[in-house]
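Survey of secondary and tertiary structure
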Amino acid sequence: MKLDVRQIIKTFADDTVVALQDVSLHVDEGEFVSLLGPSGCGKSTLLNMISGLSLPDEGDILLNGRSIVGQRGQVSYMPQKDALFPWRTVLDNVIVPLEVQGIRRKDARREALELLPLFGLDGFAESYPSVLSGGMRQRASFLRTYLDKKEVMLLDEPFASLDEITRMRMHDWLMEIWQKFRRSIIFVTHNIDEAILLSDRIYVFSARPGRVVAEVEVNLPRPRNVRSSTSARFTSLKNDLLDYLSEPLDINKPLSR
Ligand code: ADP
Ligand code: MG
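Now for a look at the structure at hand. Fair warning: this is a prediction, and the values are worked out from it, not measured in the lab. (Residues numbered from 1 in each chain as written. Chains lettered and ligands numbered in written order. Predicted model: local features only at pLDDT ≥ 70, side-chain atom pairs only at ≥ 80, totals over all residues. Heavy atoms only, no water.)

Here's the deal with the coordination of the magnesium ion (ligand 2)
Protein-derived coordination of the magnesium ion (ligand 2) comes from S44 (OG) and Q80 (OE1), at a distance range of 2.1 to 2.4 Å. With a gap of 36 residues between them, S44 in helix α1 (residues 43-50) and Q80 in the loop between β6 (76-78) and α2 (90-94) connect regions that are remote in the sequence. Relative accessible area serves as the criterion here: at 42%, Q80 is assigned to the partly exposed category. (Donors = N, O, S within 2.8 Å, 3.2 Å for Na, K, Ca; no water. Helix = DSSP H or I, 4+ residues; strand = E, 2+ residues; numbered from the N terminus. Buried < 20%, exposed > 50% of the residue type's maximum accessible area, 1.4 Å probe, protein only.)

Structural notes on the site of ligand 1
Residues in close proximity to ligand 1 total twelve residues, the closest being G40, K43, S44, T45 and R208. Here an oxygen atom of ligand 1 sits 2.7 Å away from a polar atom, N or O, in the main chain of G40. Here an oxygen atom of ligand 1 sits 3.2 Å away from a polar atom, N or O, in the main chain of C41. Contact with the protein chains removes 70% of the 560 Å² of surface that ligand 1 exposes when unbound. Sort the elements by how many residues they give to the shell around ligand 1 and α1 lands first, with three residues. (Near = heavy atom within 4 Å. Polar contact = N/O pair within 3.5 Å; in protein donor to acceptor, adjacent residues only side chain to side chain. Areas by Shrake-Rupley, 256 points an atom, 1.4 Å probe, with all protein chains shown as cover.)

Let's talk about the sheet that holds strand β8 (residues 184-189)
Read across the open sheet, the six strands follow the order β6-β7-β8-β3-β9-β10; overall the sheet is mixed. Whereas interior strands pair on both sides, the edge strands pair on one side only; in this sheet they are β6 and β10 (212-217). The mean angle between the axes of side-by-side strands here comes to 15°, regardless of whether they run parallel or antiparallel. Where strand β3 (residues 32-36) and strand β9 (residues 201-205) come together, four bridges link them in parallel fashion. (Pairing = 2+ DSSP bridges. Axes fitted to C-alpha atoms, helices over the stretch in contact; angles between N-to-C directions.)

Examining the pattern of salt bridges
This structure, assessed with the given rule, holds twelve salt bridges. In this structure, E31 engages R201 in a salt bridge whose closest nitrogen and oxygen atoms are separated by 2.7 Å. In this pair, E31 sits in the loop between β2 (17-28) and β3 while R201 sits in strand β9, placing the two residues 170 residues apart along the sequence. Summarising the burial analysis for this pair, E31 and R201 share the class buried. Of the charged contacts in the structure, one is a salt bridge between R104 and D107, with a shortest N-O distance of 3.2 Å. Salt bridges sharing partners connect three or more residues here, namely E31, R201 and E215. (Salt bridge = Lys/Arg side-chain N within 4 Å of Asp/Glu carboxyl O.)

Have a look at this one:
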């Protein structure tokens, strides 16, 4: 498996807002890759293009050597806004991708039910999203994305709205189940520690227009857990990332959104 993003350019609003400027990156088989950058640098815009929901102005996106530009259904996508249907139970929410594939509801439910414990949702099959905690909602969204079963999963700031302690638990949980299923992941975040802790590699983005300013290999041994973030190697990586991210703001440039 290989995903290749080549020299993507994307503008909005009649070419006045350059969201992404010449972005290239790749993800290999079973790799955990993060896109780290400030809000508004075009991270979600890029995921929308990889998932085929929108089109780049220039550039190409290849999955296993074949262009997937404008094609939906090639990758699994967990968008930034939790998209659980409030009128469906947890179980019926997570089976949506299986239903889309034409699998009978009964079979889909059976398959999903077996996975609920692993996703920390045991006993909540018949609950509605409104009664779930933030962490549980994210795990339900994640299970839905997982059941889509594509080679690559795109996760857009899945833990951004969680409190620090819940987020810490989610990190350990995510690393544990990722070790089990080893699917390739593109993980979007603006949290430096989170990017280091989880990733094999990190692409650092500049503020808008989004460009890749650095590619950083995270040479921390696995398995990792929350304690890995207190090691000397972690601190040294963090220092590198802070350097790349602390590009000075040009105060003469008018602030745009
Ligand atoms: P990020 O996910 O990194 O926070 P986004 O990809 O959401 O950033 O947005 C990048 C830039 O593109 C922002 O300035 C945003 O306002 C702009 N943008 C995103 N989507 C649209 C759109 N549909 N129309 C116009 N501008 C957009
Ligand atoms: Mg975003």
